[in-house]
Amino acid sequence: MNDVAVSLSQHLRAVAAPTGDLAIVLGQLAVAGKLVARELAHAALGGRLGTTGGINVQGEVVKKLDLWANDVMVQALEASHLVCGMVSEEMDEPLHLPDRCAQAKYVVCFDPVDGSSNLDVNGVVGTIFSIRPKQGRGADHLKIVPTTPFTSRFDGVDAFTLEPTIGEFIRSHEKIQIPSRGHIYSVNEARAPVWQPGILRFVDYLRAPDRATGRPYTARYVGSMVADLHRTLLEGGIFLYPAEAGEDAKSSGKLRLQYEAAPMAFLVEQAGGKASTGSERILDIHPTSPHQRVPVVIGSRDDVVRAEEFVAGRH
Ligand code: AHG
Ligand code: MN
Ligand code: MN
């Protein structure tokens, strides 16, 4: 038998030595992932889709499942006894657990349901998280530096797929390597009128036919970064949510540094790709607020380098 039965827990036991604390936190996140997956499978039948009627601190419509999944994540992480701070898209302020500080080692940042506009149509959604060592004492640890690397222990990107009938995540991909160049671009083109000129010229370039350089690229956009980056990790290409100008200006783009852009940047870099704002490496940005947004240009190395060249005005 080959690799068909490497479970996530077995994998974590192998790679998360010596203390196993990180494996415990990841194990709890896996439990939360299974609970959310189960809920999604039945939500439509149980009347649990739709909105709460509320708007979050970022001005976005809140879905019932956003809040439910947030509670599941908080409870699962609290139960680890190893986490004393959490930053979530669905919590206006970071959650600080002072009584855990003495023994806890980690702060976790998460987006409980990414792509939630797809929930009501049974589209692909996912949970994004990053685990960082706590910094300092007390609430100081919420001043998080996102570049704390686990690279020495987590070498590369392995993917695990939930096998629902046995309730286990089973390793489905080992050491994913993003092709150095792709043939797909992924961006919400309806926003093109408010893009900066460099991004506009870059996307025009990708659409222009040129056999020698493999153009035109083709377009795919789910509207769920987890889905669009899952494809990008496996097939290559480029995903963008650039900075915008105009009336409802998103001058820093839409995606949040701490629980969307940075975790995805980490995965993409670990898989040999590149993650940029268009002009700077995402993992070099130090956060200044919990829900800080950054422009995102991420994917195959050569495609991202080319995008940066356009942004810098070299084409
Ligand atoms: P969330 O559902 O957590 O609010 O995130 C949605 C994000 C991301 O997943 C996606 O790439 C992007 O928003 C889509 O935004 P547009 O609808 O503006 O394209
Ligand atoms: Mn999101
Ligand atoms: Mn979300």
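Now for a quick tour of the structure. These numbers were taken from a predicted model, which means no experiment stands behind them.

This part is about the overall build of the protein. Secondary structure assignment for the protein yields seven helices and 13 strands. Across the 315 residues that make up the protein, the buried fraction comes to 48%. A sequence separation of at least 24 residues applies to 63% of the contacts in the protein between residues at least 6 apart. Taken as a whole, the protein presents about 14700 Å² of accessible surface, with 53% of it coming from carbon and sulfur.

Another point: the nonpolar core. In terms of nonpolar packing, the biggest core is built from 26 residues, with M225, F239, M264, I282, V296 and I298 touching the most fellow members. Looking at this core, the elements with two or more residues in it are α5 (225-235), β11 (238-241), α6 (257-270) and β13 (296-299). Formed jointly, this core draws a minimum of three residues from each of two domains, domain 1 (8-173) and domain 2 (184-311). Within the second largest apolar cluster, 25 residues are counted, among which are A23, L29, V74 and L82.

Another point: the site of ligand 1. As a structural note, the neighbourhood of ligand 1 is formed by 18 residues, with D114, N188, Y221, M225 and Y241 the closest of them. Contacts to ligand 1 include N188, whose side-chain N or O atom sits 2.8 Å from an oxygen atom. A distance of 2.9 Å is found between an oxygen atom of ligand 1 and a side-chain nitrogen or oxygen belonging to K254. For ligand 1, whose unbound accessible area comes to 470 Å², protein coverage reaches 87%.

For the structure on display, the rule yields 15 salt bridges. D210 is paired through a salt bridge with R215; the nearest N and O atoms lie 3.3 Å apart. Residue D210 is classed as partly exposed on the basis of its relative accessible area, which comes to 27%. Judged by relative accessible area, which is 14%, R215 ranks as buried. A salt bridge links E269 to R281; the nearest nitrogen and oxygen atoms lie 2.8 Å apart. With E269 in helix α6 and R281 in the loop between β12 (274-276) and β13, the pair connects residues that are 12 residues apart, well separated along the chain. Overall, the relative accessible area of 37% leaves R281 in the partly exposed class.

What follows deals with the coordination of the manganese ion (ligand 3). Around the manganese ion (ligand 3), the protein contributes the donor atoms E89 (OE), D111 (OD) and V113 (O), which lie 2.2 to 2.4 Å from the metal centre. Counting the intervening residues between successive donors of the manganese ion (ligand 3) yields the motif E-x21-D-x1-V. Separation of the manganese ion (ligand 3) from the manganese ion (ligand 2) amounts to 3.7 Å, with D111 serving as a shared donor to the pair. Here the residue E89 occupies a position in the loop between β3 (83-88) and β4 (95-96), and V113 occupies one in strand β5 (residues 106-114), the gap between them amounting to 24 residues. For the pair shown, E89 and V113 are each scored as buried.

What follows covers unusual backbone geometry. Peptide bonds are mostly trans, and most non-glycine residues show a negative phi. P216 follows R215 through a cis peptide bond whose omega is 5°. Summarising the element assignment, P216 is placed in the loop between α4 (197-207) and β10 (218-219). Here N122, not a glycine, exhibits a phi torsion of approximately 60°, which is positive. For N122, the location among the structural elements is in the loop between β5 and β6 (126-133). With a phi close to 45°, K175 is a non-glycine residue in the positive phi region. Structurally, K175 can be placed in the loop between β8 (168-173) and β9 (184-186).

Moving on: the coordination of the manganese ion (ligand 2). At this site the manganese ion (ligand 2) is bound by D111 (OD), D114 (OD) and E260 (OE), with donor distances of 1.8 to 2.2 Å. When the donors of the manganese ion (ligand 2) are listed by position in the chain, the intervening gaps give D-x2-D-x145-E.

Rules used throughout
Residues numbered from 1 in each chain as written. Chains lettered and ligands numbered in written order. Predicted model: local features only at pLDDT ≥ 70, side-chain atom pairs only at ≥ 80, totals over all residues. Heavy atoms only, no water. Helix = DSSP H or I, 4+ residues; strand = E, 2+ residues; numbered from the N terminus. Buried < 20%, exposed > 50% of the residue type's maximum accessible area, 1.4 Å probe, protein only. Contact = heavy atoms within 4.5 Å. Areas by Shrake-Rupley, 256 points an atom, 1.4 Å probe, with all protein chains shown as cover. Core = buried A, V, L, I, M, F, W, Y, C linked by side-chain atoms within 4.5 Å. Domains from an automatic or database assignment. Near = heavy atom within 4 Å. Polar contact = N/O pair within 3.5 Å; in protein donor to acceptor, adjacent residues only side chain to side chain. Salt bridge = Lys/Arg side-chain N within 4 Å of Asp/Glu carboxyl O. Donors = N, O, S within 2.8 Å, 3.2 Å for Na, K, Ca; no water.

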